[in-house]
Amino acid sequence: MLLIYIFQLKTYQTFAPAYHLILEGILILWIIRLLFSKTYKLQERSDLTEKEKEELIEEWQPEPLVPLVPKDHPSLNYDVVTGPPSHRIIVNGKECINFASFNFLGLLDSERVKLKALSSLKKYGVGTCGPRGFYGTFDVHLELEERLAKFMRTEEAIIYSYGFATIASAIPAYSKRGDIVFVDEAACFSIQKGLQASRSFVKYFKHNDMEDLERLLKEQEIEDQKNPRKARVIRRFIVVEGLYINAADICPLPELVKLKYKYKVRIFLEESMSFGVLGEYGRGVTEHFGVNIDDIDLISANMENALASIGGFCCGRSFVIDHQRLSGQGYCFSASLPPMLASAAIEALNIMEEDPGIFRVLQDKCKHMHKALQGTPGLKTVGEPLTPALHLLLENSTGSRTNDLKLLRAIVDYSLDRQIALTLARYLDKEERFLPPPSIRVVVTVEQTQEEMEKAAQCIREAAVKILK
Amino acid sequence: MINLHEWCTYYALDSAKMNVGVAHSEVNPNTRVMNSRGIWLAYLLLTTALHVVLLSIPFLSVPVVWTLTNIIHNLAMYLFLHTVKGTPFETPDQGKARLLTHWEQMDYGVQFTASRKFLTISPIVLYILASFYTKYDTTHFLVNTGSLLSVLLPKLPQFHGVRLFGINKY
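Here the structure is a predicted model, which is why all the values come from computation and not from measurement. (Residues numbered from 1 in each chain as written. Chains lettered and ligands numbered in written order. Predicted model: local features only at pLDDT ≥ 70, side-chain atom pairs only at ≥ 80, totals over all residues. Heavy atoms only, no water.)

Let us now look at the overall build of chain B. A tally of helices and strands in chain B yields six helices and zero strands. Going residue by residue from the N terminus, the α and β elements of chain B occur as α-α-α-α-α-α. In chain B, buried positions account for 41% of the 170 residues. When contacts within chain B are restricted to residue pairs at least 6 apart in sequence, those whose partners lie at least 24 apart make up 63%. Of the accessible surface of chain B, which amounts to about 9500 Å², a share of 72% is contributed by carbon and sulfur atoms. (Helix = DSSP H or I, 4+ residues; strand = E, 2+ residues; numbered from the N terminus. Buried < 20%, exposed > 50% of the residue type's maximum accessible area, 1.4 Å probe, protein only. Contact = heavy atoms within 4.5 Å. Areas by Shrake-Rupley, 256 points an atom, 1.4 Å probe, with all protein chains shown as cover.)

Pasting the structure below:
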């Protein structure tokens, strides 16, 4: 074929202009160069020279596998709980009144829930042994999703098998590289991990400060106007919690919805602490403020607090939630919720729907506890009156976190001796973006009586007077 | 006589297979499309089919048909390899290739791989054939050379990720 071509070229030589022959020659040389060029990566790997390698090896000092820690390091002295964390909890062998577990509605110990869970255990066994897509979907999962969607009055709901993984899978399913997320500084650790996994640009605004958020949104709007083609392609989200775990206050949802429509951002609301707590029927912070639930693009909540089960759910519009069925990493690639726990959650929802009076009772108890703890010498109460889990911070910090923790731990020990179970709020110190100050977390549940709450407040006051003087 | 599979194993070319319908750990399957089995042949057959279809149109002369083949082939190549960006499916890397064209995604940006060489050489061969069959006419020459340049320049490693005048950037 090539010979025929060259022969024909020679015969048609009179037709071929000179510039063309030169061009064809260049192209053929280009082909030959291409055929012999080596593959290479565009970013050159900077390989170290032998000398540099030797230097690095010389400099390296081995660290012990287990670093030396003092004997009184908090991680080495932990409290041991025997039995379930119900209203009366057995800590270190002593029976105490539980002011530490997030069992807000007392459903952990409910006989109805336990019976239902047992019958479910007998029917299905313990685990599902598979993710939702691979024989891990049971009728109880579908029923729970339907019930949650109906309870929250949204179109659809999706269940995750681990509460931490719920919001940590939901955020990266929608927000990718190049997208922008505006988050509150007091966001919990699971939100932070979700943001890290999403690889998006994260902009933090000061806790519950709508002016700061508006400033950030305005700056983004100016950027967008400079580059409208880029702005058309990037997505913007706001991630807030209904009731913050770390700060114990409620987010200003009506203002957030106003900002949402003004600056065209999507809102993701994390309702782990407010689901089953706020609102007339326990539907959370949207019911508390009277905000239309369709204004919120995604509501994510933990079933491990008020609902006393395990796992989490997201609810919202159908086309939003359906996306997570293929893109939610925790949904597709983790085993599904054990059917026993799903039945327990359904029964807990039944109890919540039958008796909406308990939410009023819980809110009253929270207000009572908040009032009782005010004026404790040396400690300040952080949190809204409606919050079931408030924080007690040291009024005057000693200056070092370990010393603060020691003082607070002494108060907790004093309370444990008097049969009041309290806990320090724990964080992964090195991993948190904005580490909250050390605090004692006091939890109010529906099962606590007035006397018990008074006793706890009195005990804390005595401890504060004794230890913080 | 050895078959393709043995040849591949001898030359450690385990990428010449189609990972369709199997579980694979390829983060972005777009990077391996042009290495899959039979795609080079399919591309050549498609170009030949285009040429034959154009030849069957009665009122077009042979030089015009060759120029048209060259232009349509280069236009399609520019569209599919250098215009369309990102992936039609979700990738587990949170959209790393969202702003990259298919050419830039091929083999994760490694230059001068076998597929890249093949796809650079085939428009040149088509151009040489077209310029021969149009008898080096000036108008045809200008049109064909312009078309060839539009498809060769984006393939240079210096043009990786370059968007001239901000066109097609986002």
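Next, the rest of the story.
This paragraph deals with the overall build of chain A. The number of helices and strands found in chain A is 18 helices and 15 strands. At 30 Å, chain A has a C-alpha radius of gyration far larger than the 23 Å of a compact globule built from 469 residues. Taking the principal axes of its C-alpha atoms as reference, chain A extends roughly 110 × 60 × 50 Å. Within chain A, buried positions represent 49% of all 469 residues. Counted over contacts in chain A with a minimum sequence separation of 6, partners at least 24 positions apart contribute 68%. A total of about 24300 Å² of accessible surface is found on chain A, and carbon and sulfur atoms cover 58% of it. Distance between charge centres in chain A, computed from 58 positive and 62 negative side chains, equals 3 Å. (Rg over C-alpha atoms; globule rule 2.2 N^0.38 Å. Lys, Arg positive; Asp, Glu negative; His and termini not counted. Charge placed at Lys NZ, Arg CZ, Asp CG, Glu CD.)

So, on to the state of the cysteines. All names here are of chain A. The full count for this structure, using the stated rule, is zero disulfides over all chains. Left unpaired, Cys 366 is separated from the closest cysteine sulfur, that of Cys 251, by 17 Å. Of all cysteine sulfurs, the one in Cys 96 lies closest to Cys 459, which takes part in no disulfide; the gap is 10 Å. On the basis of relative accessible area, Cys 459 is assigned to the buried category, the value being 5%. (Disulfide = S-S within 2.5 Å.)

Here the focus is empty space enclosed by the protein. Inspection of the entire model under this criterion finds three cavities of 30 Å³ or more. Each pocket or cavity is described by its volume, and for the largest cavity that value is around 50 Å³. Among the secondary structure elements, those contributing two or more residues to the lining of the largest cavity are strand S4 (156-160) and helix H14 (329-332) of chain A. For the lining of the largest cavity, the residue count by class is five nonpolar, four polar and one charged. The volume enclosed by the second largest cavity comes to roughly 40 Å³. In terms of lining, the second largest cavity is formed by Met34(B), Ile39(B), Trp40(B), Tyr43(B), Ser115(B), Phe118(B) and Leu119(B). Elements represented by at least two residues in the lining of the second largest cavity include exactly helix H2 (39-55) and helix H5 (114-133) of chain B. Of the residues belonging to the lining of the second largest cavity, the class tally is six nonpolar, one polar and no charged. (1 Å grid on protein atoms, 1.4 Å probe; cavity = no way out; pocket = protein on both sides within 12 Å on 5 of 7 lines; lining within 4 Å. Points joined across faces, edges and corners; volume = space filled by probe spheres on them. Nonpolar A, V, L, I, M, F, W, Y, C, P; charged D, E, K, R; others polar.)

With that out of the way, let us pick up the UniProt feature "domain: Aminotransferase class I/classII large" (unreviewed entry) in chain A. Taking the numbering used here, the UniProt-annotated feature "domain: Aminotransferase class I/classII large" (unreviewed entry) corresponds to residues 95-458 of chain A. The straight-line gap between the two end C-alpha atoms of residues 95-458 of chain A is 18 Å; of that span, 44% is helix and 16% is strand. (UniProt positions renumbered as here; feature names shortened; annotations may be inferred.)

Here we take up the pairing of strand S15 (residues 439-443) of chain A. All names here are of chain A. Buried residues dominate S15, accounting for five of its five residues. Examined bridge by bridge, strand S12 (residues 389-394) and S15 share five bridges and lie antiparallel to one another. Residue pairing across strands places Leu 392 opposite Ile 440, the latter belonging to S15. Note: strand S14 (residues 423-424) against S15, two bridges, orientation antiparallel. Residue pairing for S15: Leu 424 is matched across the bridge by Ile 440. (Pairing = 2+ DSSP bridges.)

Moving on: the packing of aromatic side chains. A full pass over the atoms with the stated rule returns 17 aromatic pairs over all chains. The interplanar angle of 55° and the centroid separation of 5.7 Å between the aromatic rings of Tyr40(A) and Phe112(B) together place this pair among those described as tilted. Note that Tyr40(A) is positioned in the loop between helix H2 (18-36) and helix H3 (50-59) and Phe112(B) in the loop between helix H4 (102-105) and H5, a pairing that runs across two chains. Residue Phe112(B) is classed as buried on the basis of its relative accessible area, which comes to 12%. (Phe/Tyr/Trp six-rings, centres within 6.5 Å; stacked < 30°, edge-to-face > 60°.)

This paragraph deals with the packing of helix H6 (residues 163-174) of chain A against helix H7 (residues 189-198) of chain A. Two measures define how a pair of helices packs: the angle their axes make with one another and the distance between the axes. Residue and element names in this part refer to chain A. Two numbers describe how H6 lies on H7: the axes approach to 8 Å, and their chain directions differ by 30°. On the basis of the axis angle, H6 is roughly parallel to H7. Relative to H7, the crossing made by H6 is right-handed. Where H6 abuts H7, its residues Phe 164, Ile 167, Ala 168, Ile 171 and Pro 172 lie against Phe 189, Ser 190, Ile 191, Lys 193, Gly 194, Leu 195, Ala 197 and Ser 198. (Axes fitted to C-alpha atoms, helices over the stretch in contact; angles between N-to-C directions. Parallel < 35°, antiparallel > 145°, perpendicular 65-115°, else oblique. Left-handed = near helix turned anticlockwise from the far one by under 90°.)

A word on the domain arrangement of chain A. All names here are of chain A. For chain A, the assigned domains read domain 1 (74-108 + 356-468) and domain 2 (126-354). Here domain 1 and domain 2 have C-alpha centroids that lie 27 Å from each other. Opposite the 27 residues of domain 1 that make contact, domain 2 presents 30 residues. Taken together, the two surfaces of domain 1 and domain 2 that pack against each other cover about 2400 Å², and 65% of this comes from carbon and sulfur. On the surface where domain 1 and domain 2 come into contact, there are one salt bridge. We note a salt bridge from Glu 431 to Lys 193, for which the minimum N-O separation is 4.0 Å. Joining domain 1 to domain 2, the criterion identifies six residue pairs in polar contact (both at pLDDT 80 or more). Every element with two or more residues in the side of domain 1 that touches domain 2 is listed here: helix H16 (357-373) and S12. Of the residues belonging to the side of domain 1 that touches domain 2, the class tally is 17 nonpolar, five polar and five charged. (Domains from an automatic or database assignment. Buried area = accessible area lost by both parts, 1.4 Å probe. Salt bridge = Lys/Arg side-chain N within 4 Å of Asp/Glu carboxyl O. Polar contact = N/O pair within 3.5 Å; in protein donor to acceptor, adjacent residues only side chain to side chain.)

Moving on: the interface of chain A and chain B. On the chain B side, the residues contacting the 40 residues of chain A number 33 residues. Buried surface at the junction of chain A and chain B, both sides included, amounts to about 3300 Å², of which 67% is carbon and sulfur. Connecting chain A to chain B are two salt bridges. A salt bridge links Glu90(B) to Lys176(A), with the shortest nitrogen-to-oxygen separation between them at 2.9 Å. If you look at where chain A meets chain B, you find 12 residue pairs in polar contact (both at pLDDT 80 or more). Elements with a contribution of two residues or more to the side of chain A that touches chain B: helix H1 (2-11), H2, H7 and helix H9 (228-233) of chain A. Considering each element in turn, the side of chain A that touches chain B owes the most residues, 10 residues, to H2(A).

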